[in-house]
Protein chains: 2
Amino acid sequence: MALPSADYRNAMARLGAAVTIVTTDGSAGLHGLTVSAVCSISDNPATLLVCINRASRGYAAVRENGVLCVNVLGPGHADLSTRFASATAHIDERFSDPNLWMKMASGCPRLRDATVCLDCKVDRVLDVGTHGMFICEATDVLLGSECSGLVYFNRGFYGVINSKTKLAQTGLAWLVPALRLRISRSAIRERGK
Amino acid sequence: MALPSADYRNAMARLGAAVTIVTTDGSAGLHGLTVSAVCSISDNPATLLVCINRASRGYAAVRENGVLCVNVLGPGHADLSTRFASATAHIDERFSDPNLWMKMASGCPRLRDATVCLDCKVDRVLDVGTHGMFICEATDVLLGSECSGLVYFNRGFYGVINSKTKLAQTGLAWLVPALRLRISRSAIRERGK
């Protein structure tokens, strides 16, 4: 018997995941959406996976453009990720602040203060159930000046703040504060449809 | 020109990921290894991705057994994840504490106090570069009593502690402590080889 979707969703809510904004531009036009299903596959060749709901506008845009940029978010980007996850926010509204965005070589927008940006070329697409698996070659990376992350866990955002202190050399455990930014009852991927 | 592996690894170190122990049992025997490349694909049918280095013993075992269990770890499991990521730890050493382990219906070991366990049947395997992409159907899930997570970010462990308090209903930001457990210079996936 197939596992009920609700049971699966409740289980996957407990698998913490980095929050990203995936952008694309090209013949299908500009688009961007919040994605938490991004996963490293191989470092040689540099390959990563991006899963996008097939019912979303972003799926069609990335598929036609054949390029995307994965912008890995930091703790200060929870509101931005919500904007890019909204089913109703028009593309102009998503990219409404031009100061936030620059461009990668592919032409895809990159978030100026992202933790890291990965410019990618779509190598192949595998449709599985509700989602498309975009298997991408990473063609360029840009590390941000701040090394901290935004994680989605149990349907809420958590900030991961990295401390590059001398304590890091000791191997001892110590405390780092994390900011719980928001509670949301709907998973990012659900809202990204 | 291909992106240098080191650049790709440095970039992916900034993509936070849940830490899991993937177990398998069957005709190829018992095995278990630490994996941080697990990703949800689709909720209908319930499908997830597990990426395993093709040079690892775990890859061959999962491929032949055709079943696996994803044990999502909590903040107290950093040492256990290190044991299952060791290139030298024999399988008996990895599973040396029988009190920690029970079995799923598939026969794969499940960690008794995991945040969540997902029993899976391998649907297909796609080899890409250094890794195998195991596309798996989730056949059963077991939620743990504790809802907290272990995240790997910037080559270190972070605990994500979930507070189910009434504050959660307000939507206001508040502080939750996170425990930085350990610094490691080698990525989990590297040590999982």
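The shown structure was predicted, so the numbers you read here are calculated from the model rather than taken from an experiment.

### Details of the pairing of strand S9 (residues 116-128) of chain B
Residue and element names in this part refer to chain B.
Thinking step 1. Where strand S6 (residues 67-72) meets S9, six bridges bridge the pair, whose relative direction is antiparallel. Residue pairing for S9: Cys69 is matched across the bridge by Asp119.
Thinking step 2. When S9 meets strand S10 (residues 131-143), the two strands line up antiparallel, connected through twelve bridges. In the sheet register, Lys121 faces S10, and the bridge partner there is Glu137.
Thinking step 3. Hairpin connection of S9 to S10: two residues between the antiparallel strands, including Gly129 at a positive phi of 60°.

### Let's talk about the nonpolar core
Thinking step 1. By size, the foremost hydrophobic cluster in this structure holds 110 residues, and its most contacted members are A:Leu49, A:Val50, A:Val151, B:Leu49, B:Val50 and B:Val151.
Thinking step 2. The contacts of B:Val151, once residues within four sequence positions are left out, are A:Gly16, A:Val151, A:Val160, B:Gly16, B:Ala17, B:Ala18, B:Val19, B:Tyr158 and B:Val160.

### Notes on the sheet that holds strand S4 (residues 38-43) of chain B
Thinking step 1. Taken together, the seven strands give an open sheet; going across it, the order is S3-S2-S6-S9-S10-S5-S4 (chain B), and neighbouring strands pair in antiparallel fashion. Single-partner strands in this sheet number two, and they are strand S3 (31-35) and S4 of chain B. Strand after strand, the sheet turns through a mean of 30° between neighbouring axes, direction not considered.
Thinking step 2. Pairing of strand S2 (residues 20-24) of chain B with S6(B) involves four bridges; the strand directions are antiparallel. Each bridged residue has a counterpart across the sheet, and for B:Thr20 the counterpart in S6(B) is B:Val72.
Thinking step 3. Relative to the sheet, helix H1 (residues 5-12) of chain A contacts S4, strand S5 (46-53), S9 and S10 of chain B, its axis offset from that of S10(B) by approximately 110°.

### Points about the confidence of the model for chain A
All names here are of chain A.
Thinking step 1. The predicted model of chain A averages 86 in pLDDT, with 83% of residues at 70 or higher.
Thinking step 2. Confidence over residues 164-193 falls short of pLDDT 50; this stretch has 80 contacts with residues more than four positions distant or in other chains.
Thinking step 3. With pTM at 0.87, the complex prediction returns an ipTM value of 0.86.

### Considering the sheet that holds strand S9 (residues 116-128) of chain A
Residues and elements named next belong to chain A.
Thinking step 1. Read from one edge to the other, the open sheet built from seven strands follows the order S3-S2-S6-S9-S10-S5-S4, with strand pairing classed as antiparallel. The two strands at the open ends of the sheet, each matched to only one other strand, are strand S3 (31-35) and strand S4 (38-43). On average, adjacent strands in this sheet sit at an angle of 30° to one another, irrespective of strand direction.
Thinking step 2. Taken together, the five bridges between strand S2 (residues 20-24) and S3 define a ladder with antiparallel strand orientation. Paired with Val22 across the strands is Leu33, a residue of S3.

### Points about unusual backbone geometry
Thinking step 1. Cis peptide bonds are those with omega within 30 degrees of zero, and the linkage from A:Asn44 to A:Pro45 qualifies with 0°.
Thinking step 2. Mapped onto the elements, A:Pro45 comes out in the loop between S4 and strand S5 (46-53).
Thinking step 3. Positive phi, normally seen in glycine, also occurs at A:Arg155, with a value near 65°.
Thinking step 4. Within the element layout of this structure, A:Arg155 appears in the loop between strand S11 (148-153) and strand S12 (156-161).
Thinking step 5. Even without being glycine, B:Asn154 reaches a positive phi, approximately 50°.

The rules behind these values
- Residues numbered from 1 in each chain as written.
- Chains lettered and ligands numbered in written order.
- Predicted model: local features only at pLDDT ≥ 70, side-chain atom pairs only at ≥ 80, totals over all residues.
- Pairing = 2+ DSSP bridges.
- Helix = DSSP H or I, 4+ residues; strand = E, 2+ residues; numbered from the N terminus.
- Core = buried A, V, L, I, M, F, W, Y, C linked by C-beta atoms within 7 Å.
- Buried ≥ 20, exposed ≤ 12 C-beta atoms within 10 Å, placed from the backbone.
- Contact = placed C-beta atoms within 7 Å.
- Axes fitted to C-alpha atoms, helices over the stretch in contact; angles between N-to-C directions.
- pLDDT = per-residue confidence, 0-100.

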